[in-house]
Amino acid sequence: MLWSLAPVIYGPTVLFALGEGAVIPLLPIFASRLGADVPTAALVASALVVGQLCGNIPAGWSVARVGERVTMAIGGVIALGGVAGLALAPNLALLTASVFVIGFCAAVFGLARHSFMTTRVPLSFRARALSLLGGSFRLGMFVGPFIAAALLAVFGDEHATVWFFAVCLLATVLLVMFGPDPEARAAPARTRLTPVGDSRVAEDTGEPVTGAIPTAERVGVFRTMWRYRGVLSRLGLAAASLSAVRSARQVVLPLWGVSIGLDASTIALVVGISGAIDFALFYASGQVMDRFGRLWAALPAMILMGAGFLALSVTHDLPQAAMWFALFAAVLGVGNGLSSGILLTLGADVAPVADPAPFLGSWRTLTDAGGAFAPLLVSGLSAAFSLSLATGAMGIVGLLGAAAFIRWVPHFVPRGR
């Protein structure tokens, strides 16, 4: 039943990510056209991450009360307002607010589908389903810039990408509102709760149920955060370290290429190859997690990325620096690809079965905070010391995160079901 609903389940995510991926590379250009210098343009672009951080908890509240379908429809309409702001903004303040709104709505789409998968997908193939969800975002971010390049070649106007995003959002809202409702047609998976640490892990019995999800006392978002503070402060911080290393890759690789004197086309080629490797491996992570356990995907990914950053940090002044840059960019792409869906799956594993949305809002806020903190750390250490030291520091974060996964994954998500 779930696979027959795949277009409706994954379609909204793909459409939103395609539009967002087409617009993101041009945000600094929109800002510069309104008079922003380079630091200000970077600040405008960072509003996307800030908006996503701020959107997770309200999205969890909304999904818990009105459901995924209504929440996504509302998010799509609000995002259309943000896109209109991008196209018509007369000043930097309105442009920044529009970017913030789009990031806020990205959190709505991400959390709504995450909550749906948590309650509807049986544990036996949960990781594969969530890896496909992560791959849907990757597809949009990978293909979106190519669509933007094609639109620029045809129309010669950066705003063509904004209108493309608007069309994607309109199609998303129509699909969500008038397509089959996955919440109504996909029965919740039958689970029982097993205490693990201070969380409750769902065990799949292998049978569908035909009623509503088991009910329990509905509590607020902040009470949920306090109730599950143990898992959030332990496994959640390990997950945040993975998000930080992923985010650092997107910042370090272009900066490293510039630092060793490569031209823009070479840097773009290396980063593009790394992204292609990342995208090609997104489903492998789900296969590994479902067959062998969550740790077998999380640990190799963290070790590869941590070791890759550490090794890259000592190659800056070597004679073959460009070759080493390309090699370790590929290593980071492999590590990132193998980590696809891990954060979604671990969040689903430890979320309360009866009402997962508020917990997932807290979980996603924590992991997104790790992703937002990493570029600031890289920037600060590079300014104070060197890019090599900043890169090495991210390698250490990756290896510490690997150790945290070794410690806390077996504690909160035991392999045996």
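Refer to the preceding data block for the structure.
Figured I'd write up the structure that's included with this text. (Residues numbered from 1 in each chain as written. Predicted model: local features only at pLDDT ≥ 70, side-chain atom pairs only at ≥ 80, totals over all residues. Heavy atoms only, no water.)

### Concerning the nonpolar core
Judged by nonpolar contacts, the single largest core of 86 residues is most densely connected at L235, F359 and F405. Top element by residues in this core is helix α10 (residues 229–259). It accounts for twelve residues. Look past the residues within four positions of F359 in its chain and what remains in contact with it is T224, Y228, V231, L232, G347, V350, A351 and P352. Grouped together as the second largest cluster of nonpolar side chains are eleven residues, F116, F125, A129 and A348 included. (Core = buried A, V, L, I, M, F, W, Y, C linked by side-chain atoms within 4.5 Å. Buried < 20%, exposed > 50% of the residue type's maximum accessible area, 1.4 Å probe, protein only. Helix = DSSP H or I, 4+ residues; strand = E, 2+ residues; numbered from the N terminus. Contact = heavy atoms within 4.5 Å.)

### Concerning helix α7 (residues 159–178)
Under the 1.5 Å per step criterion, the end-to-end length of α7 is 29 Å for 20 residues, consistent within 8% with the ideal 28 Å. Those residues of α7 that sit buried are A160, T161, V162, F165, A166, C168, L169, T172, V173 and V176. (Expected span 1.5 Å × (residues − 1).)

### A closer look at the environment of S386
Along the polypeptide, S386 turns up in the loop between α16 (356–384) and α17 (387–412). Looking at S386, the relative accessible area reads 30%, which means it is partly exposed. The spacing of S386 and S313 is 73 residues in sequence and 9.9 Å in space, taken between C-alpha atoms.

### Topic: a nonpolar patch on the surface
Taken together, the side chains of I303, L310, I396, L399 and L400 make up a nonpolar region of the molecular surface, amounting to roughly 420 Å² of accessible area. At the level of secondary structure, the elements contributing two or more residues to the nonpolar patch comprise α13 (295–313) and α17. Ranked by residue count, the leading element in the nonpolar patch is α17, at three residues. Mapped onto the fold, L400 is located in helix α17. The class of L400 is exposed, set by a relative accessible area of 57%. (Patch = residues over 30% accessible without salt bridge, like charges linked within 9 Å, V, L, I, M, F, W, Y side chains within 5 Å. Areas by Shrake-Rupley, 256 points an atom, 1.4 Å probe, with all protein chains shown as cover. Salt bridge = Lys/Arg side-chain N within 4 Å of Asp/Glu carboxyl O.)

### Examining the packing of α10 against helix α15 (residues 342–350)
Relative to each other, α10 and α15 sit at 170 degrees, their axes nearing to 10 Å. Considered as vectors, α10 and α15 are oriented roughly antiparallel to each other. Between α10 and α15, the contacting residues are V231, L235, A239, L242, S243 and R246 on the first element and I342, L343, L346 and V350 on the second. A breakdown of the residues in the contact of α10 with α15 according to their chemical character gives eight nonpolar, one polar and one charged. (Axes fitted to C-alpha atoms, helices over the stretch in contact; angles between N-to-C directions. Parallel < 35°, antiparallel > 145°, perpendicular 65-115°, else oblique. Nonpolar A, V, L, I, M, F, W, Y, C, P; charged D, E, K, R; others polar.)

### What about the side chain of S131?
In this structure, S131 sits in helix α6 (residues 126–155). Under the relative-accessibility criterion, S131 is labelled buried at 0%. A distance of 3.0 Å separates a polar atom in the side chain of S131 from the backbone nitrogen of G286. (Polar contact = N/O pair within 3.5 Å; in protein donor to acceptor, adjacent residues only side chain to side chain.)

### Thoughts on the pattern of salt bridges
On inspection of all chains with the given rule, the structure shows five salt bridges. Between R128 and D290 there is a salt bridge; the shortest N-O distance is 2.7 Å. Here R128, found in helix α6, pairs with D290, found in helix α12 (residues 282–292); they are 162 residues apart in sequence, far enough to count as distant. Residue R128 is classed as partly exposed on the basis of its relative accessible area, which comes to 21%. Overall, D290 belongs to the buried group, its relative accessible area being 7%. Look at the salt bridges and you will find they share partners, linking R128, D290, R294 and D349 into a network.

### Structural notes on the packing of aromatic side chains
Summed over the entire model, instances satisfying the criterion amount to seven aromatic pairs. With a centroid separation of 5.9 Å and 20 degrees between ring planes, the pair formed by W324 and F328 is classed as stacked. Pair noted here: W324 and F328 are both in helix α14 (residues 321–338), with a separation of four residues, about one helical turn. Under the relative-accessibility criterion, W324 is labelled partly exposed at 28%. For the ring pair W408 and F412, a centre distance of 5.9 Å and an interplane angle of 35 degrees mean the geometry is tilted. With W408 and F412 both in helix α17, this residue pair falls four residues apart, about one helical turn. (Phe/Tyr/Trp six-rings, centres within 6.5 Å; stacked < 30°, edge-to-face > 60°.)

### Re the packing of α6 against α15
Packing of α6 against α15 brings their axes to within 8 Å, and their N-to-C directions diverge by 135 degrees. With respect to α15, the axis of α6 lies oblique. Both α6 and α15 take part in a crossing whose hand is right-handed. Contacts between α6 and α15 pair R126, A127, L130, L133 and G134 from the former with L344, T345, A348 and D349 from the latter. Tallied by class, the residues present in the contact of α6 with α15 amount to five nonpolar, two polar and two charged. (Left-handed = near helix turned anticlockwise from the far one by under 90°.)

### A word on the environment of A160
By the secondary structure assignment, A160 is in helix α7. The exposure class assigned to A160 is buried, which follows from its relative accessible area of 14%. Once residues within four sequence positions are removed from consideration, A160 is found in contact with L151 and F155.

Without other data, these values stay purely geometric and don't point to any function.
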